[in-house]
Amino acid sequence: MSDSNLVIVESPSKAKTIAKYLGAGYTVESSKGHIRDLAKKGLGVDIAHGFAPDYEVDADKEKLVRDLRAAAKKADAVWLASDEDREGEAIAWHLSEALELPAEKTRRIVFHEITKPAILHAIENPRAIDMNVVNAQQARRILDRLVGFELSPLLWKKVRPSLSAGRVQSVTVRLIVEREREIMGFASTDYWRVTAEMYPTAQMGTPGAMFRAECSKRFDTRAAAEAFLDICAGGAAVEAAEGAAAGAAAGEEATGKTAAFTVGSVEEKPGTRYPAPPFTTSTLQQEAGRKLGMSVSQTMSVAQKLYEQGLITYMRTDSVNLSGMALAAAKEAVTGMFGAEYSNTRNYKTSAKGAQEAHEAIRPSYFDRQTIEGAAAEKRLYELIWKRTVASQMKPAQIDRTVVKIDVEGAREHFTATGEVIRFDGFLRLYSESVEEEGGGSNATNRHHDEAAENADATLPKMTVGEAISASAITATQRFTQPPARYSEALLVKKLEELGIGRPSTYAPTISTVITRGYVVKQSKDGAKRDYIQLTLKGGKIAEKAMTENVGKESGRLAPTDIGMLVNDYLESQFADILDYNFTAKVEKEFDEIADGNERWDEMIARFYGPFHSSIETALGTERTDTHQARVLGVDPKTGREVSARIGRFGPMVQIEPAAEGEKPRSASLKKGQLVINITLEEALELLSLPRSLGDHDGKEMVIGVGRFGPYVRHDGKFTSLGRKDDPYTITAARAIELIEEKKAAGAPLRTFAEEPDLVVKSGKFGPYIAFGGKNYKIPKGTSPEELTLDQARKIVADTPDKGTAPAKRGRKYPSKQ
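If you're wondering where the values come from, they're calculated on a predicted model, not measured in any experiment.

> Tell me about the overall build of the chain, residues and numbers included.
The helix and strand tally for the chain stands at 21 helices and 30 strands. Seen through its C-alpha atoms, the chain measures out along the principal axes to roughly 105 × 85 × 70 Å. In the chain, buried positions account for 47% of the 818 residues. In the chain, 70% of the contacts between residues at least 6 apart in sequence involve partners at least 24 apart. Accessible area for the chain stands at about 40900 Å²; split by element, carbon and sulfur atoms hold 51% of it. If you average the places of the 112 positive and of the 115 negative side-chain charges in the chain, the two averages end up 6 Å apart.

Below, the structure written as structure tokens:
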């Protein structure tokens with residue numbers, strides 16, 4: 001082994017961790033990510049000469065490259081230890097090129113976890129740089145540069161300036177736009193769901209005899225639901241309504257007749273629930289989003305830190321495989337915590353399209369470390385990874401599932417009761433995977449979000465076929481079909497993976513890019529109140545109850561902006577192939593073929609570029625898209641003037657036509673989440689209601705408006721910002737006065753001095769201070785501002801160096817008292 005070794009990794013924190021495991025003779029340095037990229041000036045690709053890339057060292061990396069080159073010359077061997085995926089392989093190659101490393105002293109090493117055994121094993125098993133993998137990364141980078149370089153200027157000319165487009169990003173925007181249009185085109189209809197509280201007649205009053213059952217049919221109308229309830233009442237509901245007066249006059253209680261409910265069948269099935277496999281990049285992003293509320297980029301940032309500290313394996317992977325060492329360690333952890341009866345060693349097979357990034361799932365490096373020290377996010381994500389991995393090596397849960405069919409005399413419909421009892425908890429003792437519903441448009445799939453869980457783990461009483469059943473209450477509830485849900489980041493990653501679009505290393509940056517470019521917003525909505533009706537059959541009578549629920553609440557969902565929809569529509573009209581899901585997935589597969597050495601990267605690029613460039617030429621000859629075309633919403637009932645919505649110079653807006661020729665139209669920007677394509681006249685008039693007057697306070701008018709820094713109340717020439725929860729369109733005069741007075745109180749002097757009226761003690765955002773001569777002087781901690789004497793105040797001013805744009809001379813003395 002060489003006496004002088006230089007090891008180069010990507011990040012300083014990773015370098016620090018690795019340095020602990022290597023002894024004397026090893027120096028570990030960091031490249032701090034990529035050191036070279038395609039030239040920023042021009043295309044950076046020589047199309048005429050086989051798409052040859054023109055690489056340049058990043059300006060902020062030039063000194064680093066010089067230092068690394070000098071260190072490499074002094075070393076006997078240089079170990080390139082960048083990550084084991086395509087980006088990492090490319091970084092290793094760029095280092096070897098930029099540092100001019102001779103092949104005989106260059107070693108490429110990879111490891112999927114930063115532990116001492118893994119590092120030493122890598123040192124013992126070096127290899128050459130895999131140029132097939134490097135070429136796959138080059139092909140992606142060059143292709144994306146070609147698309148962006150030719151597509152973006154086209155958007156500037158045909159849509160609006162300063163727009164940009166990318167291959168995978170544009171397809172991602174298309175997914176979000178299509179989902180939004182599904183939602184916009186969805187027409188909700190109501191239906192009726194019937195449930196019953198029942199018990200075996202012979203077990204009346206017995207603890208645990210009551211159970212919940214649901215009608216097998218969803219009724220389309222209230223009349224149909226009521227007719228079924230009447231059958232369940234044996235006709236008593238109608239009779240009770242007709243004979244209520246007679247019964248009351250006779251002093252009798254109307255009990256009515258009861259339909260016969262009997263057990264039609266009892267099906268008992270033993271079931272098995274298996275644990276989810278260990279995490280891949282996408283499943284970690286999805287589960288961290290659902291369980292921890294983390295964004296995709298936040299998940300990857302925290303996972304990167306855990307990896308660089310040596311706490312987990314490499315976090316960009318398609319694989320669900322675990323090494324033999326990991327399987328043995330997981331078995332030891334399970335046996336130690338729960339006993340041998342819970343252990344079940346298994347290895348999962350990877351089924352993801354084009355899996356290639358790494359060779360093991362994301363797992364803890366040390367299974368005996370159930371918790372770690374660190375930031376809260378790091379602790380929570382580590383615990384999630386630890387539990388998921390260990391649970392994957394536990395026995396499945398054994399479940400007894402019982403389904404009871406209850407026939408209704410005189411009806412085609414029946415009730416179904418479902419019960420589940422966990423006979424052996426298995427992996428559920430440690431971990432259970434969460435599920436996020438995507439929603440849909442039919443009443444078969446769109447019930448209350450919690451309906452599926454209502455009977456979970458319910459225990460049914462013992463019942464036999466033919467046994468009589470009684471109902472204490474039967475309820476018909478009005479429900480409504482729901483539109484598909486907007487994508488969360490987790491659901492979007494799942495969809496991209498299903499379509500074969502992108503790879504573990506691209507999901508997070510893709511989502512971040514479409515949000516940063518203003519094509520997509522991440523929004524939360526409070527929802528709205530909705531009325532519904534509930535009919536309850538009890539004691540032979542049907543009672544009606546009007547109820548209210550909150551619907552449409554969203555948290556962290558992705559919605560397109562007007563610009564995003566505009567760009568998507570243009571690209572779809574001109575570049576159907578680029579935005580085609582199958583085509584994009586096919587390109588990903590071709591990258592995989594290049595990485596496997598089955599295809600030449602330049603030939604693949606040539607096949608793509610020819611038709612793409614022709615489409616660009618064709619599009620240049622088409623008409624420019626009119627982005628300023630107004631959508632007429634209606635007429636303002638107060639003025640009779642036309643109200644419209646359009647995309648203006650500074651973004652989406654609504655406006656009302658001017659009262660006279662030559663006047664400027666009054667306008668207002670749309671709120672986040674509102675779109676030109678579907679904003680209503682009522683919503684537009686609300687936006688145009690600002691500025692609005694709330695009346696007078698202390699003889700001066702209070703005016704609510706929205707300015708550059710957000711909503712405000714203007715009073716007596718001063719502006720007061722509204723609170724985070726204050727809505728400028730609904731804020732009351734009382735609340736506005738409260739905000740005005742709060743600001744006055746905050747700005748009121750804590751102490752003044754008659755001898756020196758220009759010196760004032762005030763309370764500020766960062767604590768009490770002295771205002772004097774146009775400058776502020778901080779009052780030292782421990783000094784009570786209310787008890788400050790004039791002499792003490794003078795001393796603070798005199799002892800504080802002046803600050804500001806035009807400071808006086810240091811050491812200026814406070815003017816003496818005359």
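> Any details on the side chain of T389? Residues and values, ideally.
Mapped onto the elements of the fold, T389 is located in helix 13 (residues 376-391). Those residues in contact with T389 that lie beyond four places of it in its chain are L322, I362, R363, P364 and F367.

> Provide a residue-level description of the pattern of salt bridges, including the pertinent values.
Scanning all chains against the criterion turns up 50 salt bridges. The residue D716 makes a salt bridge to K700 at a minimum N-O spacing of 3.0 Å. Taken together, the residues D716 in the loop between strand 25 (710-715) and strand 26 (718-721) and K700 in strand 24 (residues 700-707) connect sequence positions 16 residues apart. K700 gets classed as partly exposed once you look at its relative accessible area, which sits at 38%. Note that D791 is salt-bridged to R794, the shortest N-O span being 3.6 Å. Within this pair, D791 and its partner R794 are both found in helix 21 (residues 790-799), separated by 3 residues, close to a single helical turn. Its relative accessible area of 55% is what places D791 among the exposed residues. Here the salt bridges share partners, and the residues they tie into one network are K586, E590, E599 and R607.

> Could you give me a rundown of the nonpolar core, with the residues and numbers involved?
In this structure, F111, L381 and V654 are the most contacted members of the largest nonpolar core, which totals 160 residues. It is helix 5 (residues 131-158) that provides the largest number of residues to this core, a total of 10 residues. Those residues within four positions of L381 in sequence are excluded, and the remaining contacts are L284, A288, L292, M294, T299, V302, A303 and L306. Counting residues in hydrophobic clusters, the runner-up holds 29 residues, among them A213, L229, C232 and F415.

> Hey, could you go over the packing of aromatic side chains for me, with residue numbers and the actual values?
Taken as a whole, this structure holds 12 aromatic pairs when the rule is applied. Both rings, one in F583 and one in F608, keep their centres 5.9 Å apart while their planes meet at 25 degrees; by these two values the pair is stacked. Taken as a pair, F583 in helix 17 (residues 581-595) and F608 in helix 18 (residues 601-620) lie far apart in primary sequence, 25 residues in all. Among the residues examined, F608 registers a relative accessible area of 9% and is labelled buried. The residue whose ring lies beneath R107 is W79, and the NZ or CZ to ring-centre distance is 5.9 Å. Taking NZ or CZ as reference, R479 lies 5.0 Å from the ring centre of Y532, over its face.

> Talk me through the packing of helix 10 (residues 281-292) against helix 11 (residues 296-308); I want residue IDs and the actual numbers.
Interhelical geometry of helix 10 versus helix 11 gives an angle of 115 degrees and a closest axis separation of 9 Å. By the criterion of interaxial angle, the relationship of helix 10 to helix 11 is roughly perpendicular. Crossing of helix 10 against helix 11: the hand is right-handed. Of the residues in helix 11, those in contact with T281, L284, Q285 and A288 of helix 10 are V296, T299, M300 and A303.

> Go over the sheet that holds strand 22 (residues 666-669), please, and point to the residues and values.
The 4 strands are arranged 19-20-21-22 in an open sheet whose pairing can be described as antiparallel. Strands at the two margins of the open sheet, each flanked by one partner only, are strand 19 (631-635) and strand 22. The mean angle between the axes of side-by-side strands here comes to 25 degrees, regardless of whether they run parallel or antiparallel. By the bridge criterion, 4 bridges tie strand 19 to strand 20 (residues 642-648) in an arrangement that is antiparallel. Bridge assignment links R631 to a residue of strand 20, and that residue is A645.

> Describe in detail the layout of surface pockets, supporting the description with residues and values.
Taken as a whole, the second largest pocket holds about 820 Å³ of empty space. Surrounding the second largest pocket, 36 residues form its lining, E87, R140, S505, T506 and P509 being those nearest its centre. Elements with a minimum of two residues in the lining of the second largest pocket: strand 3 (36-38), helix 3 (86-98), helix 5, helix 6 (167-184), helix 11 and helix 15 (507-516). A per-element tally of the lining of the second largest pocket places helix 5 first, with 6 residues.

> An account of the pairing of strand 9 (residues 190-200) is requested, with residue identities and associated values reported.
Most of strand 9 is tucked away, with 9 of its 11 residues classed as buried. Note that strand 9 and strand 14 (residues 468-480) share 11 bridges and pair antiparallel. In the sheet register, V194 faces strand 14, and the bridge partner there is A476.

> I'd like a description of unusual backbone geometry, backed by residues and values.
In this model, L690 is joined to P691 through a cis peptide bond whose omega is -5 degrees. Topologically, P691 is positioned in the loop between helix 19 (681-687) and strand 23 (692-697). Unusually for a residue other than glycine, E100 sits at a positive phi of about 55 degrees. In this structure, E100 sits in the loop between helix 3 and strand 8 (106-108). Even without a glycine there, the phi angle at D716 is positive, about 55 degrees.

> How would you summarise the sheet that holds strand 8 if you had to cite specific residues and measurements?
With parallel pairing, 4 strands are arranged side by side in an open sheet as 2-1-7-8. The strands lining the two open edges of the sheet, one partner per strand, are strand 2 (26-30) and strand 8. In this sheet, adjacent strand axes meet at a mean angle of 25 degrees when their direction is disregarded. Contacts from helix 1 (residues 12-19) reach strand 1 (5-9) and strand 2 within the one sheet, and its direction differs from that of strand 2 by about 165 degrees.

> I'd like to hear about helix 18, residue by residue, with values.
An ideal rise of 1.5 Å per residue puts 28 Å on 20 residues; helix 18 measures up with 28 Å between its terminal C-alpha atoms. Every buried residue of helix 18 is listed here: W601, D602, M604, I605, F608, Y609, F612, I616 and A619. Buried residues along helix 18 sit against strand 5 (52-53), helix 5, helix 16 (562-574) and helix 17.

> Could you give an account of the environment of K331, with specific residues and numbers?
One can find K331 in helix 12 (residues 324-338). With 178 residues separating them along the chain, K331 and P153 place their C-alpha atoms 57 Å apart. With sequence-adjacent residues up to four places away left out, K331 is seen in contact with S343 and T345.

> I'd like to hear about the pairing of strand 1, residue by residue, with values.
Burial analysis of strand 1 places 5 of its 5 residues in the buried class, which makes it a mostly covered element. Here strand 1 shows no split at all, with N5, V7 and V9 on one side and L6 and I8 on the other all buried. As paired strands, strand 1 and strand 7 (residues 77-80) are joined by 4 bridges and run parallel to one another. By the bridge assignment for strand 7, L6 is matched with V78. Across 5 bridges, strand 1 lies against strand 2 in parallel orientation. By the bridge assignment, L6 is partnered in strand 2 with T27. On the question of chirality, the crossover connecting strand 1 to the parallel strand 2 by way of helix 1 is right-handed.

Criteria and cut-off values
- Residues numbered from 1 in each chain as written.
- Predicted model: local features only at pLDDT ≥ 70, side-chain atom pairs only at ≥ 80, totals over all residues.
- Heavy atoms only, no water.
- Helix = DSSP H or I, 4+ residues; strand = E, 2+ residues; numbered from the N terminus.
- Buried < 20%, exposed > 50% of the residue type's maximum accessible area, 1.4 Å probe, protein only.
- Contact = heavy atoms within 4.5 Å.
- Areas by Shrake-Rupley, 256 points an atom, 1.4 Å probe, with all protein chains shown as cover.
- Lys, Arg positive; Asp, Glu negative; His and termini not counted.
- Charge placed at Lys NZ, Arg CZ, Asp CG, Glu CD.
- Salt bridge = Lys/Arg side-chain N within 4 Å of Asp/Glu carboxyl O.
- Core = buried A, V, L, I, M, F, W, Y, C linked by side-chain atoms within 4.5 Å.
- Phe/Tyr/Trp six-rings, centres within 6.5 Å; stacked < 30°, edge-to-face > 60°.
- Lys NZ or Arg CZ within 6 Å of the ring centre and 35° of its normal.
- Axes fitted to C-alpha atoms, helices over the stretch in contact; angles between N-to-C directions.
- Parallel < 35°, antiparallel > 145°, perpendicular 65-115°, else oblique.
- Left-handed = near helix turned anticlockwise from the far one by under 90°.
- Pairing = 2+ DSSP bridges.
- 1 Å grid on protein atoms, 1.4 Å probe; cavity = no way out; pocket = protein on both sides within 12 Å on 5 of 7 lines; lining within 4 Å.
- Points joined across faces, edges and corners; volume = space filled by probe spheres on them.
- Expected span 1.5 Å × (residues − 1).
- Right-handed = clockwise from strand over helix to strand, strands pointing away.

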